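# Coordinate analysis (summary)
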Amino acid sequence: MSLIIYEHPLSPYAQKVKISLDEKGVPYEARMPNAIGSGQPDLEFLKANPRGEVPALIDDGFAVFDSTIILEYIEDKWPSPPMLPKSPKDRAVARTIEEVMDTLFEPINWGMGEIRWFRRAEGERARHIEAHAAKQARGTYAWLERHLGDKQWFNGATFGWADLSVVPYINGAIGSGFAPDKGSKLSAWLDRANARPSVRKSAKAAADVLAQMANVAGAVQSGMFKREYRDHRLEWMIRAGGLDVVLEGIKNNNIRFSNEIS
Ligand SMILES: N[C@@H](CCC(=O)N[C@@H](CS)C(=O)NCC(=O)O)C(=O)O
């Protein structure tokens, strides 16, 4: 049996998938597509995901993409221990938390990377975009705390789908300086989540890559890297006051939109 996960350690979407497999004790090979993030296509990888995005799962030759569809496939094929809670209401809440983190929270970390790692804005404009990111992170933390309440886990009594859908994003946001308030319920939950071997493994892989990340801004300025400005990321950058960032990226040919499927 061969199970391959095309991934990048910094991708929160890939981390969700790896955490689920590690919680279920399912062995897999984590593989990084060539030049992921640069817009240069890796043809073998594109066969698995024509969108050219990680994660993609290949199970004995059967390919699945989009992290949510992969999590569903894993839950169907390896149901124990379950990541999805039992009751229809709890399942809907878990999927809602995943959707909010994947679409509304993810662009905050991505946007901060565009400013800080890829130097898309400096001075006053960068401050303005960062202030928008900080306000949005705080708003989401308040929403998450209402969901957590006095529970041990977002999933309920046990760690699961909702928890693995939150922890990669908050670990990423800490890198941007948006840690949950000390002593808060969310901060205590984060300590519990990061104590799990499955989460620690993914978080360490991400930290190892960050430690090696060199001058990636140069790769963008030279046009070698074309960063993907898709759907909610594009909307986020414009709404955060970064319309010029998008226009400059188009002018300098160092941003790209979603792949056309062929
Ligand atoms: N909706 C997709 C989003 C996946 C995604 O955007 N992945 C990013 C990495 S975080 C990617 O591979 N982007 C391609 C690129 O930057 O070239 C999912 O949930 O899997």
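Residues numbered from 1 in each chain as written. Predicted model: local features only at pLDDT ≥ 70, side-chain atom pairs only at ≥ 80, totals over all residues. Heavy atoms only, no water.

### Things to note about helix α12 (residues 243-251)
The criterion, for reference: Accessible area is worked out with a 1.4 Å probe on protein chains only. A residue is then buried under 20% of its type maximum, exposed over 50%, and partly exposed in between. Here a helix means four or more residues in a row that DSSP labels H or I, a strand means two or more in a row labelled E, and each is numbered from the N terminus. The arc in question is traced by the directions running from the helix axis to the C-beta atoms. The contact criterion used throughout is that any non-hydrogen atoms of two residues lie within 4.5 Å.
Among the residues of α12, those classed as buried are Val 245, Val 246 and Gly 249. Axial view of α12: buried residues confined to an arc of 100°, hence all on one face. As for α12, its buried residues are in contact with α5 (123-148), α11 (231-239) and β6 (255-256). Two residues or fewer past α12, Asn 253 is found with a positive phi of approximately 55°.

### Let's talk about unusual backbone geometry
In most cases, non-glycine residues show a negative phi, while peptide bonds are predominantly trans. For the peptide bond that leads from Val 54 to Pro 55, omega is 0°, which places it in the cis range. Within the fold, Pro 55 resides in the loop between α2 (43-48) and β3 (56-59). The step from Ser 80 to Pro 81 runs through a cis peptide bond, and the omega angle for that step is -10°. As for its placement among the helices and strands, Pro 81 is situated in the loop between α3 (67-77) and α4 (88-116).

### Some points on the pairing of strand β4 (residues 62-65)
Our working rule: Strands are treated as partners if at least two bridges between them are detected by DSSP.
In this sheet, β4 lies alongside β3 in antiparallel orientation, the contact comprising 4 bridges. Of the residues in β4, the one forming a bridge with Leu 57 is Val 64. As consecutive antiparallel partners, β3 and β4 are separated by 2 residues, and within that stretch Asp 60 has a phi angle of approximately 50°, a positive value.

### Details of the pattern of salt bridges
For the record, the criterion: The salt bridge criterion pairs a side-chain nitrogen of Lys or Arg with a carboxyl oxygen of Asp or Glu, the two atoms within 4 Å.
Applying the stated criterion across every chain yields a total of 28 salt bridges. Residues Arg 196 and Glu 23 are paired through a salt bridge, measuring 2.9 Å at the closest nitrogen-oxygen approach. Remark: Glu 23 occurs in helix α1 (residues 12-24) and Arg 196 occurs in the loop between α8 (185-194) and α9 (197-212); sequence separation between them is 173 residues. Given a relative accessible area of 25%, Arg 196 falls into the partly exposed group. When its relative accessible area of 17% is taken as the criterion, Glu 23 is described as buried. Across the pair Glu 75 and Lys 24 runs a salt bridge, and its minimum N-O distance is 3.0 Å. Separated by 51 residues along the polypeptide, Glu 75 in helix α3 and Lys 24 in helix α1 bring together distant segments of the chain.

### With respect to the nonpolar core
Going by this rule: Put simply, a nonpolar core is a bunch of buried Ala, Val, Leu, Ile, Met, Phe, Trp, Tyr and Cys residues held in one set by side-chain atoms that sit within 4.5 Å of each other.
In terms of nonpolar packing, the biggest core is built from 57 residues, with Leu 21, Leu 144, Phe 154 and Trp 189 touching the most fellow members. Sort the elements by how many residues they give to this core and α4 lands first, with 8 residues. Not counting residues up to four positions away in its chain, the partners in contact with Leu 21 are Leu 3, Ile 5, Val 26, Tyr 28, Ile 74 and Trp 78. One finds Ile 4, Phe 45, Ala 56 and Ile 58 within the second-largest nonpolar core, a separate group that totals 7 residues.

### Structural notes on the site of the ligand
Put simply, the test is: Being near a molecule or strand, for a residue, comes down to having at least one heavy atom within 4 Å of it. Counting of polar contacts relies on pairs of N or O atoms within 3.5 Å, with two restrictions inside protein: one atom must be capable of donating a hydrogen and the other of accepting it, and residues adjacent in sequence are counted only when both atoms are side-chain atoms. For this scheme, ten residues count as nonpolar: Ala, Val, Leu, Ile, Met, Phe, Trp, Tyr, Cys and Pro. Four count as charged, namely Asp, Glu, Lys and Arg, and the remainder, Gly too, count as polar.
Near the ligand lie 15 residues; those nearest to it are Val 54, Asp 66, Ser 67, Arg 230 and Arg 256. Between Glu 228 and the ligand, the recorded distance is 3.1 Å, taken from a side-chain N or O atom to a nitrogen atom. Residue composition of the shell around the ligand, grouped by class: 4 nonpolar, 4 polar and 7 charged.

### Topic: α1
The condition that has to hold: The span expected for a helix works out to 1.5 Å for each residue beyond the first.
Relative to the 18 Å expected for 13 residues at 1.5 Å per residue, α1 spans 19 Å between its end C-alpha atoms, a close match to the ideal helical length. When you tally the buried positions in α1, you get 12 out of 13 residues, the bulk of the element. Considered for burial, the residues of α1 that qualify are Pro 12, Tyr 13, Ala 14, Gln 15, Lys 16, Val 17, Lys 18, Ile 19, Ser 20, Leu 21, Glu 23 and Lys 24. Looking one or two residues past α1, Gly 25 carries a phi angle of roughly 70°, positive in sign.

### Section: the sheet that holds strand β2 (residues 29-31)
Heads up, the rule is: Orientation is described by axes fitted as lines to C-alpha atoms, over the contacting stretch for helices, and by angles from 0 to 180 degrees between their N-to-C directions.
Here 4 strands make up an open sheet; going across it, the order is β2-β1-β3-β4 and the pairing mixed. Edge strands, defined here as strands with exactly one partner in the open sheet, are β2 and β4. Here the average twist between neighbouring strands, direction ignored, is 20°. α3 rests against β3 and β4 of the sheet, and its axis sits at about 130° to β4.

### Some remarks on the environment of Arg 146
Position of Arg 146 relative to the elements: it lies in helix α5. Classification of Arg 146 as exposed rests on a relative accessible area of 61%. Linking Arg 146 and Lys 185, residues 39 residues apart in sequence, is a C-alpha distance of 9.8 Å.

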